[in-house]
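Listed below, chain by chain, are the residues.
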Amino acid sequence: MLQTLAALSRRTAAAAPLAAGLRCVSSGSVDVTAPLNFWAGKRRRSQEKSNQENVHEPATGRVLCQLEPCGTTEVNEAMRAAKTAFGEWSKMSGMERARIMINAAHIIESRREEIAELEVVNNGKSITEARLDVDSARLCIEFYAGLASTLAGQHVQLPGGSFAYTRREPLGVCVGIGAWNYPFQIAAWKSAPALACGNSMVFKPSPVTPVTAVMLAEIYAEAGAPEGLFNVVQGGRETGSLLCHHPDVAKVSFTGSIPTGQKIMEMASKGVKPVTLELGGKSPLLIFQDSDLENAVRGALMANFLSQGQVCSNGTRVFVQKEILTGFVEEVVRRTQAIEIGDPLLESTRMGALVSRPHLDKVLSFVEQAKKEGATVLCGGEPFVPSDPKLRGGYYMTPCVLGNCTDNMTCVKEEIFGPVMSILSFDTELEVLQRANDTATGLAAGVFTRDVRRAHRVVENLKAGSCFINNYNITPVEVPFGGFKMSGIGRENGQVTVEFYTQLKTVFVEMGDVDSLF
């Protein structure tokens, strides 16, 4: 879920060395003591002291902070603040809303390195990727600021001079529930379209990565947003349930696993609340024999190892045509073994730590299961212990490439959500399309080929919501992102998302007398 790397690197390459030289934090040096809940214009502490949980720094394994989950009292306070702010915000013109959102984008740009560093500390990904995530958040807010003043209805002429028109109106208080793999970016991706359309939001980050969403709340407030426009409540399953069932909530937008998405959809249905669900996937990447091999290898690495493989759209089922299988595998393995693992705050690091110890153990167990089922570990798939003593408690593993995979293996059928690539061979286009679509999910898919007709023909037949031709895992905010089948409902980003954060009102205007049957 990155912006186009080339476009961003042109803008930020010169700034990165300077920012790195001014780095304020290092792995193992940060303790977060300030409250992480935010509503009605300031940070707040929760009354739920007995349910505090430790939050760990993935790079070191040390305790980073205490999570204070929100209960009924805190959720109600946040909802009241959001409801009050909605009354003011929804009456503003699109231009007025846009001005505040642009201010927020400028603040994010000025605090880019600070936000990225804390994202690394809380999530474990490399500083290089974290900067791009912050850029994506800023660009999303800028994009929807540009759309805020364009929201309009339709005029329809009726017989006799009468007419009808439609109004695109905000929904009210929206709930956003984020995932731990892109904490700051997801908070922006959910809030930007909601706010542009005149809504307010209560956002719940993942309890694993609670640190940076509150920074976005402070930035909106500093930019001039009404108190309570964007609020942050921390917590896990119980807090999420309180939000989904709350009578003042008009919509729920969730990013996360399929089982949790199903539960959220069920809870929201009790109040007939619309939902946007961006869920998991087991996406295919098809590499034909006429592909540019260099680009295909790059694409496969981007499709599997961004954010330590913890990306919902990853193309983890890599189907390679038999004629080029040997050369492709050799080059992928060589480059995978060269990926530098270690301190995520170092500029040279390309793979940081997985998000938690339980998740690391789960990913490693998938590798062991793959070996039992007959897959060959071509490289990686083992715990990694950095040489730096302060990092030895971190959650690291070597990126893994699995060969000799078949469609019925667990590693091919189930979402691993870690740096594990499964390589499969194929003979014909028809065969690989059938195999690629043989999944309950449909978030993303990709194809590498020099044949333009084949590329579009294959994409037409892939059952996935976000498809890539000769690239992978680029997500410009101008285009919609979302899945088919069990990978979700609705879209994030792009103009179409306006439809998911507004409701349409139809108004009939009679210019003559009422023609009554009575």
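None of these values were measured; they are calculated from a predicted model. (Residues numbered from 1 in each chain as written. Predicted model: local features only at pLDDT ≥ 70, side-chain atom pairs only at ≥ 80, totals over all residues. Heavy atoms only, no water.)

**Student:** Please explain the overall build of the protein chain as it appears in this structure.
**Tutor:** Broken down by element type, the protein chain carries 16 helices and 22 strands. Relative to a compact globule of 518 residues, whose C-alpha radius of gyration would be 24 Å, the protein chain shows 24 Å and is just as compact. With the principal axes as the frame, the protein chain shows a C-alpha extent of 80 × 55 × 45 Å. Counting every position in the protein chain, which comprises 518 residues, the buried fraction comes to 58%. Long-range pairs, those at least 24 residues apart, make up 75% of the contacts in the protein chain between residues at least 6 apart in sequence. (Helix = DSSP H or I, 4+ residues; strand = E, 2+ residues; numbered from the N terminus. Rg over C-alpha atoms; globule rule 2.2 N^0.38 Å. Buried < 20%, exposed > 50% of the residue type's maximum accessible area, 1.4 Å probe, protein only. Contact = heavy atoms within 4.5 Å.)

**Student:** What is the right way to look at the sheet that holds strand S12 (residues 284–287) in this model?
**Tutor:** Two pairing modes exist for strands in a sheet, parallel and antiparallel, and in both the strands are linked by backbone hydrogen bonds. Here 7 strands make up an open sheet; going across it, the order is S14-S15-S16-S13-S12-S18-S19 and the pairing mixed. Because the sheet does not close on itself, it has two edges, and the strands there are strand S14 (376–379) and strand S19 (466–469). Taken over all neighbouring pairs, the strand axes of this sheet differ in orientation by 25 degrees on average, direction set aside. Pairing geometry for S14 and strand S15 (residues 400–403), over 3 bridges, is antiparallel. Across the sheet, the residue bridging to Thr-376 is Gly-403, located in S15. The sheet contacts of helix H15 (residues 429–436) involve S12, strand S13 (317–321) and strand S16 (420–426), and relative to S16 the element is tilted by about 145 degrees. (Pairing = 2+ DSSP bridges. Axes fitted to C-alpha atoms, helices over the stretch in contact; angles between N-to-C directions.)

**Student:** Looking at this structure, I do not really get the packing of aromatic side chains. What am I missing?
**Tutor:** Any pair of aromatic rings gets described here by the distance separating the centres and the angle formed by the planes. Throughout the structure, instances matching the rule amount to 7 aromatic pairs. Ring geometry for Trp-189 versus Phe-481: centroids 6.3 Å apart, planes at 65 degrees, classification edge-to-face. One end of the pair, Trp-189, is in helix H7 (residues 183–196); the other, Phe-481, is in the loop between S19 and strand S20 (484–485), and 292 residues separate them in sequence. Here Trp-189 matches Phe-481 in class, with each residue buried. Residues Tyr-220 and Phe-230 carry aromatic rings whose centres are separated by 5.4 Å and whose planes lie at 65 degrees to one another, so their mutual orientation is edge-to-face. (Phe/Tyr/Trp six-rings, centres within 6.5 Å; stacked < 30°, edge-to-face > 60°.)

**Student:** I'm lost on the side chain of Thr-276 in this one. Help?
**Tutor:** Checked against the element boundaries, Thr-276 lands in strand S11 (residues 275–278). With relative accessibility at 2%, the residue Thr-276 sits in the buried group. At 2.6 Å, the side chain of Thr-276 and the side chain of Lys-251 are in polar contact. Excluding residues that lie within four positions of it along the chain, Thr-276 makes contacts with Lys-251, Val-252, Ser-253, Phe-254, Ile-489, Gly-490, Arg-491, Glu-492 and Phe-500. (Polar contact = N/O pair within 3.5 Å; in protein donor to acceptor, adjacent residues only side chain to side chain.)

**Student:** Is there a simple way to explain the packing of helix H5 (residues 112–123) against H7 in this structure?
**Tutor:** The packing of two helices is summarised by the inter-axis angle and the distance between the axes. Interaxial distance between H5 and H7 falls to 9 Å at its minimum, and their mutual angle equals 115 degrees. When H5 is examined against H7, the residues Ile-115, Glu-119 and Asn-123 are found in contact with a partner set consisting of Pro-183, Phe-184 and Gln-185. Residues belonging to the contact of H5 with H7 are distributed by class as follows: 3 nonpolar, 2 polar and 1 charged. (Nonpolar A, V, L, I, M, F, W, Y, C, P; charged D, E, K, R; others polar.)

**Student:** Sorry if this is basic, but what is going on with the packing of helix H4 (residues 94–110) against helix H8 (residues 213–223) here?
**Tutor:** Viewed as axis vectors pointing N to C, H4 and H8 meet at an angle of 125 degrees, and their least axial separation amounts to 8 Å. Judged by the inter-axis angle, H4 sits oblique to H8. Considering the relative orientation of H4 and H8, their crossing is right-handed. Two secondary-structure elements touch here, H4 through Ile-100, Asn-103, Ala-104, Ile-107 and Ile-108 and H8 through Leu-216, Ile-219, Tyr-220, Glu-222 and Ala-223. Looking at the contact of H4 with H8, its residues break down into 8 nonpolar, 1 polar and 1 charged. (Parallel < 35°, antiparallel > 145°, perpendicular 65-115°, else oblique. Left-handed = near helix turned anticlockwise from the far one by under 90°.)

**Student:** How should the pattern of salt bridges be read in this particular structure?
**Tutor:** Side chains carrying opposite charge are able to pair once their charged atoms draw close together. Applying the stated criterion across every chain, the model contains 27 salt bridges. When the shortest N-O distance is used, the salt bridge between Asp-133 and Lys-125 registers 2.5 Å. The residues Asp-133 and Lys-125 share a single accessibility class, namely buried. Sharing partners across several salt bridges, the network here consists of Glu-294, Arg-298, Glu-331, Arg-334 and Arg-335. (Salt bridge = Lys/Arg side-chain N within 4 Å of Asp/Glu carboxyl O.)

**Student:** Where do I start with the sheet that holds strand S6 (residues 163–170) in this structure?
**Tutor:** Spatially, the 3 strands line up as an open sheet ordered S5-S6-S22, and their pairing is antiparallel. Taken across any chain shown, the strands that pair with only one partner, and hence form the sheet edges, are strand S5 (155–157) and strand S22 (502–509). Between one strand and the next, the sheet's axes are offset by a mean angle of 20 degrees, whatever the strand orientation.

**Student:** Whenever I open this one, the pairing of strand S8 (residues 200–204) confuses me. Can you help?
**Tutor:** Each regular strand shows side chains that alternate between the opposite faces of the sheet. Buried residues dominate S8, accounting for 5 of its 5 residues. Across the two faces of S8 the burial is the same, with Ser-200, Val-202 and Lys-204 and Met-201 and Phe-203 all buried. The sheet contact formed by strand S7 (residues 173–177) and S8 spans 5 bridges and is parallel. For Ile-177, the partnering residue across the bridge sits in S8 and is Lys-204. When S8 meets strand S9 (residues 230–232), the two strands line up parallel, connected through 3 bridges. Paired with Met-201 across the strands is Phe-230, a residue of S9. Once the chain exits S8 it traverses H8 before rejoining the sheet at S9, and the crossover so formed is right-handed. (Right-handed = clockwise from strand over helix to strand, strands pointing away.)

**Student:** What should I look at first to understand the side chain of Thr-449 in this one?
**Tutor:** Within the secondary structure, Thr-449 sits in the loop between strand S18 (444–448) and helix H16 (452–461). What makes Thr-449 buried here is its relative accessible area of 4%. Within the structure, Thr-449 has its side chain in polar contact with the side chain of Asp-290 (distance 2.8 Å). Other than its neighbours up to four places away in sequence, Thr-449 contacts Phe-288, Asp-290, Ser-291, Arg-454, Ala-455 and Asn-470.

**Student:** Which parts of the structure should I look at to understand helix H3 (residues 72–89)?
**Tutor:** Each α-helix turn comprises 3.6 residues. Residues three or four places apart therefore point the same way. Relative to the 26 Å expected for 18 residues at 1.5 Å per residue, H3 spans 25 Å between its end C-alpha atoms, a close match to the ideal helical length. Turning to H3, its buried residues number three or more, namely Glu-74, Val-75, Ala-78, Met-79, Ala-81, Ala-82, Ala-85, Phe-86 and Trp-89. Projected onto a plane normal to the axis of H3, the buried residues spread over an arc of 165 degrees and lie on a single side. Exposed and oriented more than 90 degrees from the buried face of H3 are Arg-80 and Thr-84. (Expected span 1.5 Å × (residues − 1). Arc of directions from axis to C-beta.)

**Student:** How should I be thinking about the environment of Asp-438 in this particular structure?
**Tutor:** Mapping Asp-438 onto the fold places it in the loop between H15 and strand S17 (441–442). With 73 residues separating them along the chain, Asp-438 and Ser-365 place their C-alpha atoms 24 Å apart.

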